[in-house]
Amino acid sequence: MNGAHSLMNTLVANGVDVCFANPGTSEMHFVAALDDTDGMRCVLGQFEGTVTGAADGYARMSGKPAVTLLHLGPGMANGLSNLHNALRAKSPIVNVIGDHATYHRHLDAPLTSDIEGAARPFSHWVRTTPDANSVATDTTAAIRESWRRPGRIASLILPADAAWNDVTTEATGELAGSPDASPADEQAITATAAALSAGQSTALILGPGATLEGPLQAAGRIAAATGARLLAPTMTSRITRGAGRVPVERIPYSPEPATKFLEQFDTLILVGAKAPVSFFAYPGKPSVLYHRDTRVIELAREDQDLTLALESLVAELGAENATVRTSDLVLPQVPNGAMSIDKLGALIGALLPEDAIVVDESITSGRALVPETESVRPHDWLVGSGGSIGYAMPCGVGAAVACPDRKVIVLESDGSAMYQPQALWTAARENLNMLVLIFANQKYGILHHEMHNVGVPEFGAKARALLDLDNPAIDFVGLAKSLGVPATAASTMDELAAQMRAGLATEGPALIEVRL
């Protein structure tokens, strides 16, 4: 048995049974070990950003880590953008990054780089395994780190000779176990209960892991008993929503509406979340979005058991029998006529199937999507939590691998779609149950808006040339077809409705270019 087999056996023994990969020469022994290992599914991505983004989507929906296989430092660098989003989403991931053989590194071959140094800003844990005998122990440690609350990125660097050399010890297939979350703090629970009982205008801000169905039930009892509002950050990893679910309001993105929205609350209670700040700094505008007199209380840190903290708060308030308010099923009317951004939310809400997984990177075109889908059929909604664009299609790939019996609907803007179109090839290759909607307004609409936010309401041809995408216009139908995904284009709401119904009824991937 060589080090690559030891790595594979340890992963599978710990339930890490999906690998998103883009291998190179240094990883060939890992690839060869796949043929000798039962229980590992390997999914190829033609770009490392697809690999890391898919691992993020898989973790968000499965609750457990996938392993990524990346080729040396430059290969890892190609995947860092979506690894940043995964880091912010608190997604557990085990990265395996190949490296030159230990005796080859000092020669400074062309692909030599400081992999550890590059990985650290995007990882919670980094280690280079020294030899084949250490592979099992180091892999176990990486898996254990990925399991730590609320979900962590572990990066294990595997020199080629550690993969190909024989293992001469017995330490293979070790079990990592899942580290326990830190318990809820009793003093924080008592202080939060007192603040909620004081009769002020209060909101709970629910971080990653607190916006799933279980903890939302407890949060709903708190809201019912105290009148507190339930909020989520603008960029949040996953919310269970729709009919029968506890509704959660997302804090607006732009600083002016966010500040106005938050000024109504005297007290903000943080549940595995940070106090709200502006996404960017803007001239003459505050970076902190809540009023300076607002009281901020931390009920639980992100590494604590958020469900237990909320349930303990329910008990402290005596709210066990409070009636939880959930959303009723109210489907919008299917709109028709001319294509309009304002109609998109109603159409998507009306047609969204039960248990769908929505991966949203619609940005400027999606402003009506959230309110219009609050009371539709139950579903999960995933948002890019780190702000690094190009995440949605790769994330959709991972979600579809994690939940093959559920329809994944990717809402993508045309500008961000061009960051990771390779994900479509993987969706076709794996016949994933994905419907991708590309909102094609032929511009970086969000950047037009940001020019106004930074105080430049008027700008000329040179600036506009960096923000518009119509020269040449991108043919997403042709692009998708070239990558193996059936595709159509819609220019009216009636066309879009018909094409969505067809795409939702299709097993496998499909794409619609929504021409706005």
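As shown above, the structure is provided for reference.
One structure accompanies this document, and this report is about it. (Residues numbered from 1 in each chain as written. Predicted model: local features only at pLDDT ≥ 70, side-chain atom pairs only at ≥ 80, totals over all residues. Heavy atoms only, no water.)

## So, the overall build of the protein chain
Stage number 1. In terms of helices and strands, the protein chain carries 21 helices and 18 strands.
Stage number 2. C-alpha atoms of the protein chain, sized along the principal axes, occupy 65 × 60 × 45 Å.
Stage number 3. Here the protein chain holds 516 residues, and 54% of them are scored as buried.
Stage number 4. By sequence separation, contacts in the protein chain at least 24 residues apart represent 80% of the contacts at least 6 residues apart.
Stage number 5. For the protein chain, the accessible area works out to roughly 20400 Å², and carbon and sulfur atoms hold 51% of it. (Helix = DSSP H or I, 4+ residues; strand = E, 2+ residues; numbered from the N terminus. Buried < 20%, exposed > 50% of the residue type's maximum accessible area, 1.4 Å probe, protein only. Contact = heavy atoms within 4.5 Å. Areas by Shrake-Rupley, 256 points an atom, 1.4 Å probe, with all protein chains shown as cover.)

## Quick look at the packing of helix 3 (residues 48-62) against helix 15 (residues 392-402)
Stage number 1. At a closest axis distance of 6 Å, the pairing of helix 3 and helix 15 adopts a crossing angle of 45°. The orientation of helix 3 relative to helix 15 falls into the category oblique. Our pair here, helix 3 against helix 15, has a crossing hand that is right-handed. Residue-level contacts link G49, T50, G53, A54, G57, Y58, R60, M61 and S62 of helix 3 to P394, C395, V397, G398, A399, V401 and A402 of helix 15.
Stage number 2. Per-class residue counts for the contact of helix 3 with helix 15 are 9 nonpolar, 6 polar and 1 charged. (Axes fitted to C-alpha atoms, helices over the stretch in contact; angles between N-to-C directions. Parallel < 35°, antiparallel > 145°, perpendicular 65-115°, else oblique. Left-handed = near helix turned anticlockwise from the far one by under 90°. Nonpolar A, V, L, I, M, F, W, Y, C, P; charged D, E, K, R; others polar.)

## Quick notes on the sheet that holds strand 15 (residues 408-413)
Stage number 1. Sheet architecture is open: 7 strands sit in the order 9-14-13-15-16-18-17, paired in mixed fashion. Two strands lie at the open edges of the sheet, namely strand 9 (239-241) and strand 17 (487-490), each paired on one side alone. Across this sheet, the average inter-strand angle for adjacent strands is 20°, counted without regard to direction.
Stage number 2. Pairing analysis gives 3 bridges linking strand 9 to strand 14 (residues 379-383), with the strands arranged antiparallel. Across the sheet, residue T240 finds its bridge partner in strand 14, namely D380. (Pairing = 2+ DSSP bridges.)

## Comments concerning the side chain of S413
Stage number 1. You can see S413 is positioned in strand 15.
Stage number 2. Only 3.1 Å separates the side chain of S413 from the backbone oxygen of E361, close enough to count as a polar contact.
Stage number 3. Residues within four places of S413 in sequence aside, it is in contact with E361, S362, I363, I438 and F439. (Polar contact = N/O pair within 3.5 Å; in protein donor to acceptor, adjacent residues only side chain to side chain.)

## Brief notes about the sheet that holds strand 1 (residues 18-21)
Stage number 1. An order of 2-1-3-4-6-5 is seen for the 6 strands of this open sheet, with the pairing classed as parallel. The open sheet has two edge strands, strand 2 (41-44) and strand 5 (125-128), and neither has a second partner. Geometrically, the sheet is characterised by an average inter-axis angle of 20° between neighbouring strands, direction not taken into account.
Stage number 2. Of the strand pairs in this sheet, strand 1 and strand 2 are connected by 4 bridges, and their pairing is parallel. Each residue of the ladder has a partner; that of V18, found in strand 2, is R41.

## Here's the deal with the environment of T267
Stage number 1. Relative to the elements of secondary structure, T267 occurs in strand 11 (residues 267-271).
Stage number 2. For the pair T267 and A228, spaced 39 residues apart in sequence, the C-alpha to C-alpha distance is 9.5 Å.
Stage number 3. Ignoring sequence-local partners within four residues, the contact set of T267 consists of A195, Q200, S201, T202, A203, T294, R295 and I297.

## As for the pairing of strand 13 (residues 356-361)
Stage number 1. Buried residues dominate strand 13, accounting for 6 of its 6 residues.
Stage number 2. Where burial is concerned, the two faces of strand 13 agree: the one with A356, V358 and D360 and the one with I357, V359 and E361 are both buried.
Stage number 3. Two strands pair when backbone bridges link them, and strand 13 and strand 14 are joined in this way by 5 bridges, in the parallel orientation. Bridge assignment links V359 to a residue of strand 14, and that residue is L382.
Stage number 4. Relative to strand 15, strand 13 runs parallel, the two being bridged by 5 bridges. Of the residues in strand 15, the one forming a bridge with I357 is V408.

## Section: the state of the cysteines
Stage number 1. If you walk through the whole model with that rule in mind, you get 0 disulfides.
Stage number 2. Its sulfur unpaired, C19 is 3.8 Å from the next cysteine sulfur, which belongs to C42.
Stage number 3. Summary of cysteine pairing: C403 is not part of a disulfide, and the nearest cysteine sulfur, belonging to C395, is at 11 Å.
Stage number 4. The exposure class assigned to C403 is buried, which follows from its relative accessible area of 8%. (Disulfide = S-S within 2.5 Å.)

## Re the environment of R292
Stage number 1. Mapping R292 onto the fold places it in the loop between strand 11 and strand 12 (295-300).
Stage number 2. With 137 residues separating them along the chain, R292 and S155 place their C-alpha atoms 39 Å apart.

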